[in-house]
Amino acid sequence: MNIAIAFFAFLVVAVILWAVGELNYKNFQYVEDQPHHPDPTAHQGGEYRELTLQDILRDNSTKGYDAV
């Protein structure tokens with residue numbers, strides 16, 4: 001009998017937490033953060049351009065003599 005009560009309590013808690021999560025999701029308002037000092041390497045020509053892996057590796061100077 002104790003297992004049945006524990007299982008029922010688990011289901012009740014799970015439904016309550018699910019309902020709280022759904023209510024928080026419905027009231028969630030996403031606003032993108034605007035950095036105070038934007039990354040100057042990501043902006044070219046006044047508009048945002050996301051850097052690709054090749055762009056990052058081209059300017060990477062963590063190996064060999066360029067790192068010094």
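As the structure is a computational prediction, the values presented were derived from the model and not from experiment.

## A few points about the overall build of the protein
Looking only at helices and strands, the protein features two helices and two strands. Secondary structure of the protein in N-to-C order comes out as α-β-β-α. Evaluated residue by residue, the protein yields a buried proportion of 3% over its 68 residues. As displayed, the protein has an accessible area near 7,000 Å², and 63% of this comes from carbon and sulfur atoms.

## A few points about a nonpolar patch on the surface
A cluster of nonpolar residues, F8, V12, I16 and V20, forms a patch on the protein surface that exposes about 370 Å² of accessible area. Relative to the helices and strands, F8 is located in helix α1 (residues 2-26). For F8, a relative accessible area of 58% corresponds to the exposed category.

Thresholds, definitions, all that
Residues numbered from 1 in each chain as written. Predicted model: local features only at pLDDT ≥ 70, side-chain atom pairs only at ≥ 80, totals over all residues. Heavy atoms only, no water. Helix = DSSP H or I, 4+ residues; strand = E, 2+ residues; numbered from the N terminus. Buried < 20%, exposed > 50% of the residue type's maximum accessible area, 1.4 Å probe, protein only. Areas by Shrake-Rupley, 256 points an atom, 1.4 Å probe, with all protein chains shown as cover. Patch = residues over 30% accessible without salt bridge, like charges linked within 9 Å, V, L, I, M, F, W, Y side chains within 5 Å. Salt bridge = Lys/Arg side-chain N within 4 Å of Asp/Glu carboxyl O.

No statement about biological role is implied by the geometric values presented.
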